[in-house]
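Survey of secondary and tertiary structure
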Amino acid sequence: MSSKTVKVELTQQSNYQFVIAFDEQIPTLLGDEPAPLGEGKGPSPVQLLAAAVGNCLSDSLFFALQKFKQSPEPIHTLVEAEVGRNEQGRIRVLSMTAKLHLGVEANELQQLDRVLAQFEEFCTVTQSVGQGIPIHTRVLDSKGVILKDSLAT
């Protein structure tokens, strides 16, 4: 098994604002905490975490469908992170819910049952984060029909 190192560099600009650099080909991003700590001029760390989970799940679902030459576009994903206090009174991400909406009806896609049974297993971020934060994943078609409803813990 090979491993790879992903590097992200953060440089403080002011108070809770950090410029996040990825590599030379990717534009930088400004991260910031919402008020009253920060000024809310960029996504917060929790928003970035939710974006990473949603992006990875969306990529995995799209990739799995593309393997069977299926076109689910456009996929629309909404991720909600529940933030609250743990038993020690510390603010934590307690759980996440990801709703992935396919751009087509389920009956337009072949091998959908097979894709839905396995696509989450290939999502690096969700499988990693899900070891510490429960992630509820729901996949719906363009008509709102629930195709999959699972909880990764």
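Look a little higher up for the structure.
What comes next is a walk through the structure. (Residues numbered from 1 in each chain as written. Predicted model: local features only at pLDDT ≥ 70, side-chain atom pairs only at ≥ 80, totals over all residues. Heavy atoms only, no water.)

Focus on the nonpolar core
Core analysis: the largest hydrophobic core is formed by 24 residues, its most contacted members being Leu61, Met96 and Phe119. Where this core is concerned, the elements lending two or more residues are helix 1 (45–67), strand 5 (91–101), helix 2 (112–118) and strand 6 (135–140). Sorting elements by how many residues they give to this core places helix 1 first, with 7 residues. In this structure, phenylalanine 119 is in contact with Leu57, Ser60, Leu61, Ala64, Leu100, Thr137, Val139 and Lys148, ignoring residues within four places of it in sequence. (Core = buried A, V, L, I, M, F, W, Y, C linked by side-chain atoms within 4.5 Å. Buried < 20%, exposed > 50% of the residue type's maximum accessible area, 1.4 Å probe, protein only. Helix = DSSP H or I, 4+ residues; strand = E, 2+ residues; numbered from the N terminus. Contact = heavy atoms within 4.5 Å.)

Some thoughts on the pattern of salt bridges
This model, assessed by the stated rule, comprises 4 salt bridges. Among the salt bridges present, the one from glutamate 39 reaches lysine 41, with a minimum N-O distance of 3.1 Å. Look at glutamate 39 and you get partly exposed, because its relative accessible area is 47%. Salt-bridge contacts for arginine 138 lead to aspartate 149; the nearest nitrogen and oxygen are separated by 3.1 Å. Note that arginine 138 is positioned in strand 6 and aspartate 149 in strand 7 (residues 146–152), a separation of 11 residues in sequence. The class of arginine 138 is partly exposed, set by a relative accessible area of 23%. Since its relative accessible area comes to 43%, aspartate 149 is described here as partly exposed. (Salt bridge = Lys/Arg side-chain N within 4 Å of Asp/Glu carboxyl O.)

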